[in-house]
Amino acid sequence: DVKVTQSSRYLVKRTGEKVFLECVQDMDHENMFWYRQDPGLGLRLIYFSYDVKMKEKGDIPEGYSVSREKKERFSLILESASTNQTSMYLCASSRVPGRGNTIYFGEGSWLTVV
Amino acid sequence: AQSVTQPDIHITVSEGASLELRCNYSYGATPYLFWYVQSPGQGLQLLLKYFSGDTLVQGIKGFEAEFKRSQSSFNLRKPSVHWSDAAEYFCAVADPDTDKLIFGTGTRLQVFP
């Protein structure tokens, strides 16, 4: 089974702190994604990466950055956390882009910024 | 622009009743469509997907969905709902070149015994 692991399930951080959310996949997938989920808004794409050291902005990249130093790991970084970044963050991965891919999701990371 | 609409925010059904969750999409080319389910506090699990071919797609847990191009719809159905089906359901359309997903806002399903 494909496994997408988000190591931190629940975090509480203070405003202004730097926050790292880590995601690891074990299926040698090329694509990795970070989504944010908020009630009534569904899931929105923050960033994605189609290769090591490559990244592309999604729909809501402001206030976030990402890092992909190794193929299996994709990190989401909040340089200076703010209360409006309190949310659930979901990581996903898929094989080389192409038709017919299944996109697999992690369990999610609940972040509260106080 | 691509978009997905799930017009029902919340649906309540009795256990054993049939279920249909609505999904409408806006996409210029042939869409790649997905239904995911999310139990409370969990990630998303793929129920089924449509890329081409037969417009009636079978998924896991007894779910099916029908792609209707003329109505721009991809509704999810189940003939008999179980209490364990209570969850939130998301419809999504994918960009075939990047696998980026655009999600609807979700439908929360409540099941009464």
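Heads up: these notes are all about the structure in this document. (Residues numbered from 1 in each chain as written. Chains lettered and ligands numbered in written order. Predicted model: local features only at pLDDT ≥ 70, side-chain atom pairs only at ≥ 80, totals over all residues. Heavy atoms only, no water.)

**A few points about the overall build of chain B**
Alright, step 1. Looking only at helices and strands, one finds 0 helices and 12 strands in chain B.
Alright, step 2. In chain B, the order of α-helices and β-strands from amino to carboxyl end is β-β-β-β-β-β-β-β-β-β-β-β.
Alright, step 3. The principal-axis extent of the C-alpha atoms belonging to chain B is close to 40 × 30 × 20 Å.
Alright, step 4. Taking all 113 residues of chain B together, the buried fraction comes to 49%.
Alright, step 5. By element, 49% of the accessible surface of chain B is carried by carbon and sulfur atoms, the whole surface being about 5100 Å².
Alright, step 6. Between the mean site of the 9 positive side-chain charges and the mean site of the 11 negative ones, chain B shows a separation of 1 Å. (Helix = DSSP H or I, 4+ residues; strand = E, 2+ residues; numbered from the N terminus. Buried < 20%, exposed > 50% of the residue type's maximum accessible area, 1.4 Å probe, protein only. Areas by Shrake-Rupley, 256 points an atom, 1.4 Å probe, with all protein chains shown as cover. Lys, Arg positive; Asp, Glu negative; His and termini not counted. Charge placed at Lys NZ, Arg CZ, Asp CG, Glu CD.)

**A few points about the packing of aromatic side chains**
Alright, step 1. Tallying each qualifying case throughout the model produces 16 aromatic pairs over all chains.
Alright, step 2. With a centroid separation of 5.6 Å and 90 degrees between ring planes, the pair formed by B:Phe34 and B:Phe51 is classed as edge-to-face. Within this pair, whereas B:Phe34 is found in strand E5 (residues 32–38), its partner B:Phe51 is found in the loop between strand E6 (45–50) and strand E7 (56–58), the two being separated by 17 residues in sequence. Residue B:Phe34 shares its accessibility class with B:Phe51, and that shared class is buried.
Alright, step 3. Each member of the aromatic cluster is reached from another via a ring pair, and the members are A:Phe33, A:Tyr35, A:Phe48, A:Phe105, B:Tyr32, B:Phe34, B:Tyr36, B:Phe51, B:Phe90 and B:Phe103. (Phe/Tyr/Trp six-rings, centres within 6.5 Å; stacked < 30°, edge-to-face > 60°.)

**Quick notes on the side chain of B:Gln38**
Alright, step 1. Positionally, B:Gln38 belongs in strand E5.
Alright, step 2. Within polar-contact distance, the side chain of B:Gln38 engages the side chain of A:Gln37 at 2.7 Å.
Alright, step 3. In this view, B:Gln38 contacts A:Gln37, A:Met88, A:Leu90, B:Gly43, B:Leu44, B:Ala87, B:Glu88 and B:Phe90; residues no more than four positions away in its chain are not counted. (Polar contact = N/O pair within 3.5 Å; in protein donor to acceptor, adjacent residues only side chain to side chain. Contact = heavy atoms within 4.5 Å.)

**Digging into the pairing of strand E3 (residues 19–25) of chain A**
Strand residues, when the strand is regular, have side chains that alternate between the two faces of the sheet.
All names here are of chain A.
Alright, step 1. Only one face of E3 is covered, namely the one carrying Val19, Leu21, Cys23 and Gln25; the face carrying Phe20, Glu22 and Val24 has none of its residues buried.
Alright, step 2. In the sheet, strand E1 (residues 4–6) pairs with E3 via 3 bridges, with the strands oriented antiparallel. Note on E3: the bridge partner recorded for Gln6 is Cys23.
Alright, step 3. Where E3 and strand E8 (residues 73–78) come together, 6 bridges link them in antiparallel fashion. Paired with Val24 across the bridge in E8 is Arg73. (Pairing = 2+ DSSP bridges.)

**A few points about the interface of chain A and chain B**
Alright, step 1. Counting from both sides, the interface comprises 26 residues of chain A and, opposite them, 21 residues of chain B.
Alright, step 2. Carbon and sulfur atoms make up 53% of the area that chain A and chain B hide from each other, which totals about 1900 Å².
Alright, step 3. Remark: the boundary between chain A and chain B carries 10 residue pairs in polar contact (both at pLDDT 80 or more).
Alright, step 4. Of all the secondary structure elements, the ones that give two or more residues to the side of chain A that touches chain B are strand E4 (31–38), strand E5 (42–49) and strand E9 (87–94) of chain A.
Alright, step 5. Split into classes, the residues belonging to the side of chain A that touches chain B amount to 12 nonpolar, 10 polar and 4 charged. (Buried area = accessible area lost by both parts, 1.4 Å probe. Nonpolar A, V, L, I, M, F, W, Y, C, P; charged D, E, K, R; others polar.)

**Here we look at the sheet that holds E1(A)**
Residues and elements named next belong to chain A.
Alright, step 1. The strand order E1-E3-E8-E7 describes an open sheet built from 4 strands, whose pairing is antiparallel. The sheet is open, and its two borders are formed by E1 and strand E7 (65–70), each paired with just one other strand. Averaged over all pairs of adjacent strands, the angle between strand axes in this sheet comes to 20 degrees, irrespective of strand direction.
Alright, step 2. With 4 bridges connecting them, E7 and E8 associate as antiparallel partners. Bridge pairing in E8 links Lys70 to Arg73. (Axes fitted to C-alpha atoms, helices over the stretch in contact; angles between N-to-C directions.)

**A look at the nonpolar core**
All names here are of chain B.
Alright, step 1. Core analysis: the largest hydrophobic core is formed by 27 residues, its most contacted members being Leu19, Trp35, Leu47, Leu48, Phe74, Leu76 and Tyr89.
Alright, step 2. Elements with a minimum of two residues in this core: strand E2 (10–14), strand E3 (19–21), E5, E6, strand E8 (64–68), strand E9 (73–78), strand E10 (87–94) and strand E12 (107–112).
Alright, step 3. Ranked by residue count, the leading element in this core is E10, at 4 residues.
Alright, step 4. Contacts of Tyr89, omitting those with residues within four sequence positions, involve Gln6, Leu21, Trp35, Tyr36, Val37, Leu47, Phe63, Leu76, Gly106, Thr107 and Leu109. (Core = buried A, V, L, I, M, F, W, Y, C linked by side-chain atoms within 4.5 Å.)

In short, geometric facts, not functional conclusions.
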